[in-house]
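Residues per chain are reported as follows:
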Amino acid sequence: EDKVVQSPLSLVVHEGDTVTLNCSYEVTNFRSLLWYKQEKKAPTFLFMLTSSGIEKKSGRLSSILDKKELFSILNITATQTGDSAVYLCAVEANRQGAQKLVFGQGTRLTINP
Amino acid sequence: KAGVTQTPRYLIKTRGQQVTLSCSPISGHRSVSWYQQTPGQGLQFLFEYFSETQRNKGNFPGRFSGRQFSNSRSEMNVSTLELGDSALYLCASSFLTVGYGYTFGSGTRLTVV
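Cut-offs and rules
Residues numbered from 1 in each chain as written. Chains lettered and ligands numbered in written order. Predicted model: local features only at pLDDT ≥ 70, side-chain atom pairs only at ≥ 80, totals over all residues. Heavy atoms only, no water. Helix = DSSP H or I, 4+ residues; strand = E, 2+ residues; numbered from the N terminus. Rg over C-alpha atoms; globule rule 2.2 N^0.38 Å. Disulfide = S-S within 2.5 Å. Buried < 20%, exposed > 50% of the residue type's maximum accessible area, 1.4 Å probe, protein only. Contact = heavy atoms within 4.5 Å. Buried area = accessible area lost by both parts, 1.4 Å probe. Salt bridge = Lys/Arg side-chain N within 4 Å of Asp/Glu carboxyl O. Polar contact = N/O pair within 3.5 Å; in protein donor to acceptor, adjacent residues only side chain to side chain. Nonpolar A, V, L, I, M, F, W, Y, C, P; charged D, E, K, R; others polar. Pairing = 2+ DSSP bridges. Axes fitted to C-alpha atoms, helices over the stretch in contact; angles between N-to-C directions.

For this particular structure, what's the right way to read the overall build of chain B?
Scanning chain B from terminus to terminus reveals zero helices and eleven strands. Reading chain B from its N end, one meets helices and strands in the order β-β-β-β-β-β-β-β-β-β-β. Scaling as 2.2 N^0.38, a compact globule of 113 residues should have a C-alpha radius of gyration of about 13 Å, and chain B matches this with 13 Å. A principal-axis box enclosing the C-alpha atoms of chain B has dimensions of 35 × 25 × 25 Å.

And the structure:
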């Protein structure tokens, strides 16, 4: 069964800290791994990773994928209170010619001022 | 351009009733997927439609069904509602397939009493 596991499930840090969120996966016919930020309702897209070892960056956020060890990390440096959200990791899997996204449980990140 | 629109935003139903939720994808997007999000289970895949055909289905009972119209708008229906169906139902659309360019709507919060 396809599975995506995120850790930690919850994290509380102070503004300015650096955080690392983890995502490991076991899926059939991996195609890509995606990170989303969910603040209230609609998850918003952060990164899509398809190749191992290539870091993707967007401002203070960065992410990398390891397809050999089947995991990804999301780093946030110099955290701000606006980074408080649930961060979702999802893996695109292909089964019988159809694609679907399998999501992890999410990491709830709280940034205290 | 307009995002993914889900209606209604909130819904309260009684056990045993049925409900229909609507999702209008981004113009030009032909793939529409539905997810159920609950605190205990996270985001779980319901089904995906492409060009009016269901391409993939998650592990949900037959009470959950959906369809897609020729203009790519999609509806999902839940019959014989149970308390456990209370959740945030999210719809996501993309041009061709899941993952790439995936955009979520703000969801419909369904409460079953």
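What exactly am I supposed to notice about the state of the cysteines here?
In a disulfide, the sulfur atoms of two cysteines are covalently bonded to one another. All names here are of chain A. Scanning the entire structure with this criterion turns up two disulfides over all chains. Paired through a disulfide, Cys23 and Cys89 show a sulfur-sulfur distance of 1.9 Å. Judged by the sign of its S-S torsion, about -65°, the cystine formed by Cys23 and Cys89 is left-handed. One end of the pair, Cys23, is in strand β3 (residues 19-26); the other, Cys89, is in strand β9 (residues 85-95), and 66 residues separate them in sequence. An identical accessibility class is assigned to Cys23 and Cys89; each is buried.

Please explain the interface of chain B and chain A as it appears in this structure.
On the chain A side, the residues contacting the 24 residues of chain B number 15 residues. A buried area of about 1700 Å², summed over both sides, lies between chain B and chain A, and 56% of it is on carbon and sulfur atoms. Across the chain B-chain A interface, the total number found is zero salt bridges. Scanning the region where chain B abuts chain A turns up two residue pairs in polar contact (both at pLDDT 80 or more). Top element by residues in the side of chain B that touches chain A is strand β5 (residues 42-50) of chain B. It accounts for four residues. The class makeup of the residues in the side of chain B that touches chain A is ten nonpolar, ten polar and four charged.

Just to check I follow, could you spell out unusual backbone geometry for this structure?
Most peptide bonds take the trans form, and the phi angle of most residues other than glycine is negative. Residues and elements named next belong to chain A. Cis geometry marks the peptide bond from Ser7 to Pro8; its omega dihedral reads -10°. By the secondary structure assignment, Pro8 is in the loop between β1 (3-7) and β2 (10-14). With a phi close to 60°, Leu70 is a non-glycine residue in the positive phi region. Take Leu70: it is sitting in the loop between β7 (61-66) and β8 (71-76).

When you look at the sheet that holds strand β3 (residues 19-24) of chain B in this model, what are you seeing that I'm missing?
Across a sheet, paired strands are connected by hydrogen bonds in the backbone, their directions being either parallel or antiparallel. Residues and elements named next belong to chain B. With antiparallel pairing, the four strands of this open sheet are ordered in space as β1-β3-β8-β7. The open sheet is flanked by β1 (5-7) and β7 (64-68), the only strands paired with a single partner. In this sheet, adjacent strand axes meet at a mean angle of 15° when their direction is disregarded. In terms of strand pairing, β7 meets strand β8 (residues 74-78) through five bridges, oriented antiparallel. Across the sheet, Gln68 pairs through a bridge with Ser74, a residue of β8.

Just checking my understanding: could you explain the sheet that holds β3 of chain A for this structure?
All names here are of chain A. The strand order across the open sheet formed by five strands is β1-β3-β8-β7-β6, and the pairing between neighbours is antiparallel. With one partner strand each, in any of the chains shown, β1 and β6 (56-58) form the two edges of the open sheet. Each adjacent strand pair in this sheet contributes to an overall mean axis angle of 15°, direction not counted. Sheet topology places β1 next to β3; five bridges connect them, and they run antiparallel. Pairing of Ser7 across the sheet is with Asn22, part of β3.

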